[in-house]
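# Structure at a glance
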Amino acid sequence: MLVYNKHLQRKRLPIGKYLNNILLTGLDMLFPPPALCRVCGRKLMIRTRVELCQWCLEQLPLVGENSCRQCGRPLAVKHESIEEPTLCFDCRSIRHFFVKNRAVGIYSGTLKEQIHEVKYRYNRQLGIGLGQVMAVVAKGRGWIPDEAHLLAVPLHPERLRQRGYNQAELLVQGMESCFQLPVLKHGVVVRRQVTQASSSLNPLERRANLRGAFYVPRPGLVVGKVLCVVDDIYTTGATLDELARTLLQAGAKAVYGLTLSIAVDDYDLMGEL
Ligand SMILES: [Zn+2]
Ligand SMILES: [Zn+2]
């Protein structure tokens, strides 16, 4: 069960409590309170870049070493006998527009629950915390090219209005809170179609469904740049591909992907049968 960070909820207060709060704020500035874990709310013993406690960090199903060199999908068995030894089933049949994608965790268990919490239960603080995890893992493993600008996958304005925020932007915000990274802000690329829910579609239908979904209003902002597109999940790669195609057409030099999670494919996990 995930607990909201009660610390951050604001209500109207009577004047006495209001003054008391000013006093406490002053004390907070002198003696900052311990940071709280963004997942479970426990006090953090030490201040680190990632505001998640050790216990919550250990629950995250991270992607291991053996993964597809193109999309980052975990592979359980080394496909040594195959021509392209470290490509997943998907990437052996599709040519992607992005250079490569890397995923921090597997879309299952705790991480899946946490992503739902961020997307559908308005837990923005958790989104920022998970962005911090992404930054530390991606930096540590050298996944962000030196010259890359981060760019959040945009939401359609209508969906943004309903949700009030873009979860991919929360992840970027968390990443920025850990490291100084160049970021292309909201509006550089725009989503112009409300695409139908893609979970019921097969991979080819997903691609067709997304065709023309994005556009770059001012191509000058992306011309010649290496971009690293940030999203919460990689499933078939259709979204990242369509975004990469659009950005390359607008003049970007290269497009990489970095996702918080990736859906695993039974075929890849079980190897050749
Ligand atoms: Zn925790
Ligand atoms: Zn792959």
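Right above here is the structure, for reference.
What this report covers is the structure whose coordinates are included nearby.

## Considering the pairing of strand β1 (residues 101-106)
Remember that side chains alternate between the two faces of the sheet whenever the strand is regular. Buried residues dominate β1, accounting for six of its six residues. Two strands pair when backbone bridges link them, and β1 and strand β7 (residues 254-262) are joined in this way by five bridges, in the parallel orientation. Within β7, the position partnered with Asn-101 by the bridge is Gly-257.

## Description of the environment of Val-118
Mapped onto the elements, Val-118 comes out in helix α4 (residues 109-120). Taking the C-alpha atoms as reference points, Val-118 and Asn-166, separated by 48 residues in sequence, lie 9.8 Å from one another. In this view, Val-118 contacts Asn-123, Leu-126, Gly-127, Leu-130, Gln-167 and Leu-170; residues no more than four positions away in its chain are not counted.

## Observations concerning the nonpolar core
In this structure, Met-134, Cys-228, Val-230 and Leu-247 are the most contacted members of the largest nonpolar core, which totals 63 residues. Secondary structure elements with two or more residues in this core: β1, α4, α5 (124-140), β2 (149-152), α7 (167-178), β6 (226-234), α9 (238-249) and β7. Counting residues per element, this core draws most heavily on α5, at nine residues. Among residues more than four places away in sequence, those in contact with Met-134 are Val-104, Leu-171, Gly-174, Met-175, Leu-258 and Leu-260.

## Description of the packing of helix α8 (residues 203-210) against α9
Between α8 and α9, whose axes approach to 9 Å, the crossing angle comes to 40°. In terms of crossing hand, the pair formed by α8 and α9 is right-handed. Seen from α8, the contacting residues are Pro-203, Arg-206, Arg-207 and Leu-210; seen from α9, they are Ala-238, Thr-239 and Glu-242. Looking at side-chain class alone, the contact of α8 with α9 contains three nonpolar, one polar and three charged residues.

## Details of α9
For the α-helix, the turn length of 3.6 residues means that residues three or four positions removed from each other point alike. With 12 residues, α9 ought to run about 16 Å at 1.5 Å a step, and its terminal C-alpha atoms sit 16 Å apart, in line with that. In terms of burial, α9 is largely enclosed, as nine of its 12 residues are buried. Of the surrounding secondary structure, the elements contacted by the buried residues of α9 are β1, α8, β5 (214-215), β6 and β7. The positive-phi residue at the C-terminal boundary of α9 is Gly-251, with phi of around 115°.

## Focus: the pairing of β7
Among the nine residues in β7, eight count as buried, and that is most of the element. Inspection of the sheet shows β6 paired to β7 by eight bridges, in the parallel sense. Within β7, the residue paired with Cys-228 across the bridge is Tyr-256. With α9 bridging β6 and its parallel neighbour β7, the resulting β-α-β unit is right-handed.

## What about the environment of Leu-111?
As for its placement among the helices and strands, Leu-111 is situated in helix α4. The class of Leu-111 is buried, set by 22 C-beta atoms lying within 10 Å. Taking C-alpha positions, Leu-111 is 9.2 Å from Leu-130, a pair spaced 19 residues apart along the chain. Apart from residues lying up to four places away in sequence, Leu-111 is in contact with Leu-60, Pro-61, Gly-105, Ile-106 and Ser-261.

## Things to note about unusual backbone geometry
A positive phi angle is found at Tyr-122, which is not glycine, with a value near 60°. In this fold, Tyr-122 is placed in the loop between α4 and α5. Looking at Tyr-122, the number of C-beta atoms within 10 Å reads 14, which means it is partly exposed.

## Some points on the sheet that holds β2
Ordered by their spatial adjacency, five strands build an open sheet running β1-β7-β6-β2-β3, and the pairing between neighbours is parallel. Taken across any chain shown, the strands that pair with only one partner, and hence form the sheet edges, are β1 and β3 (183-184). The sheet contact formed by β2 and β3 spans two bridges and is parallel. What sits directly across from Leu-150, in β3, is Val-183. Along the sheet, α4 contacts β1, β6 and β7; its crossing angle with β7, the most-contacted strand, is approximately 105°. On top of the sheet, α9 reaches β1, β6 and β7; it is set at about 160° to β6, its chief contact.

Definitions and limits used
Residues numbered from 1 in each chain as written. Chains lettered and ligands numbered in written order. Predicted model: local features only at pLDDT ≥ 70, side-chain atom pairs only at ≥ 80, totals over all residues. Buried ≥ 20, exposed ≤ 12 C-beta atoms within 10 Å, placed from the backbone. Helix = DSSP H or I, 4+ residues; strand = E, 2+ residues; numbered from the N terminus. Pairing = 2+ DSSP bridges. Contact = placed C-beta atoms within 7 Å. Core = buried A, V, L, I, M, F, W, Y, C linked by C-beta atoms within 7 Å. Axes fitted to C-alpha atoms, helices over the stretch in contact; angles between N-to-C directions. Left-handed = near helix turned anticlockwise from the far one by under 90°. Nonpolar A, V, L, I, M, F, W, Y, C, P; charged D, E, K, R; others polar. Expected span 1.5 Å × (residues − 1). Right-handed = clockwise from strand over helix to strand, strands pointing away.

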